[in-house]
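Reading the structure
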Amino acid sequence: QVQLVESGGGLVQAGGSLRLSCAASGRTSRAGTMGWFRQAPGKEREFVATIMWSGGYGYYADSVKGRFTISRDNAKNTVYLQMNSLKPEDTAAYYCAANPSGSRYLTRLNEYDYWGQGTQVTVSS
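Residues numbered from 1 in each chain as written. Predicted model: local features only at pLDDT ≥ 70, side-chain atom pairs only at ≥ 80, totals over all residues. Heavy atoms only, no water.

1. Re the packing of aromatic side chains
- In the structure shown here, the tally under the stated rule is six aromatic pairs.
- With a centroid separation of 6.1 Å and 25 degrees between ring planes, the pair formed by Phe 47 and Tyr 59 is classed as stacked. With Phe 47 in strand S5 (residues 46-52) and Tyr 59 in strand S6 (residues 55-60), this residue pair connects regions lying twelve residues apart in the sequence.
- Above the ring of Tyr 95, the side-chain terminus of Arg 45 is found at 3.6 Å from the ring centroid.
- Positioned above the aromatic ring of Trp 115 is the side chain of Arg 45, whose terminal nitrogen or guanidinium carbon lies 5.1 Å from the ring centre. (Phe/Tyr/Trp six-rings, centres within 6.5 Å; stacked < 30°, edge-to-face > 60°. Helix = DSSP H or I, 4+ residues; strand = E, 2+ residues; numbered from the N terminus. Lys NZ or Arg CZ within 6 Å of the ring centre and 35° of its normal.)

If you want it as structure tokens, here you go:
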């Protein structure tokens, strides 16, 4: 079992920045692939970014490429999502996900085994 707890959401003006954190715990919490997804009201949950605990710089959805950065701190079992140049269309609940057996970047919801409870990001215009 892996437990994921997100934090760092909030209200920010367009053009501003936020950093989300996802603290992982459990027997295999620091293995495999991690991902960030988001879900706006009335829309399906969508992929944002993914990274592996073992290395690499991450992979991004086109809509956030160049503005968001995913990173990890293995010592703290924490994955981050730095969000810059935020737009109103980035408003959503953001979810952290884990696949302890992942061996590559994963972009689909059904490729992840564990999910956090989500943290709300609201960007005002």
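That covers the picture; the talk isn't over yet.
2. Observations regarding the sheet that holds strand S3 (residues 18-26)
- The strand order across the open sheet formed by four strands is S1-S3-S8-S7, and the pairing between neighbours is antiparallel. Looking at which strands have only one partner, the edges of the open sheet turn out to be strand S1 (2-7) and strand S7 (68-73). Looking at each pair of strands side by side, their axes are set apart by 15 degrees on average, direction ignored. (Pairing = 2+ DSSP bridges. Axes fitted to C-alpha atoms, helices over the stretch in contact; angles between N-to-C directions.)

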